[in-house]
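Structural overview for review
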Amino acid sequence: NYLRGHHPSLCMKFQAGQCNHGKSCNQIHADQNYVAKLRKAAADGRNCCLGHGDWSSQDPKYLARLSSATAFIVVVPQRFEGRKEVRKFVVLKDQIARTKASERLLASNGHSLHVASVCMNHQK
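**Some words on the side chain of Gln-15**
Position of Gln-15 among the secondary structure elements: in helix H1 (residues 12–15). Among residues more than four places away in sequence, those in contact with Gln-15 are Leu-10, Ala-30, Gln-32 and Val-35.

**Details of the confidence of the model for the protein**
Detailed conclusions should not be drawn from predicted coordinates in areas where pLDDT is low. Residue-level pLDDT values for the protein average 77, and 79% of them are 70 or greater. Summarising per-element confidence for the protein, the mean pLDDT is lowest in helix H5 (residues 120–123) (66) and highest in H1 (92).

**Some thoughts on helix H4 (residues 100–107)**
Residues spaced three or four apart along an α-helix face the same direction, because each turn holds 3.6 residues. What H4 keeps buried is the set Ser-102, Leu-105 and Leu-106. Along the axis of H4, the buried residues cluster in a sector spanning 95°; they form a single face. Away from the buried face of H4 by more than 90 degrees, exposed residues Lys-100, Arg-104 and Ala-107 are located.

**Details of the nonpolar core**
Residues Tyr-62, Leu-66, Ala-69, Phe-72, Val-74, Val-76, Val-91, Ile-96, Leu-105, Leu-106, Leu-113 and Val-115 constitute the largest nonpolar core, which totals 12 residues. Of all the secondary-structure elements, those providing two or more residues to this core are helix H3 (60–66), strand S1 (71–80) and H4. Here Leu-66 is in contact with Leu-50, Phe-72, Lys-93 and Leu-106, once residues within four sequence places are set aside.

Rules used throughout
Residues numbered from 1 in each chain as written. Predicted model: local features only at pLDDT ≥ 70, side-chain atom pairs only at ≥ 80, totals over all residues. Heavy atoms only, no water. Helix = DSSP H or I, 4+ residues; strand = E, 2+ residues; numbered from the N terminus. Contact = heavy atoms within 4.5 Å. pLDDT = per-residue confidence, 0-100. Buried < 20%, exposed > 50% of the residue type's maximum accessible area, 1.4 Å probe, protein only. Arc of directions from axis to C-beta. Core = buried A, V, L, I, M, F, W, Y, C linked by side-chain atoms within 4.5 Å.

See the structure below:
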């Protein structure tokens, strides 16, 4: 139930054509074709960064802003023996996921990103 403050998940019974709850179901009833398309895109690896073929990262306006930078400094907050530390490393621009944070950074001509903006595959 959306009003109880939790985030509903995808109704797998609906995806299989077996949900009998209709509008009273506590899960999301998303179009099966749309879900299949999203799953295919995720399986193809087209959901993370320009280097892995992310579709949204190929937008000409985004590419124009991205072209002004060659690399970014990525900030990784950590705890070590009870104290906070920050580790920094350089990441190439095609390894940056297109997120709201990376969009703001590019708009402000900044060069330092939180690690969450780096493609998950490149974080490994």
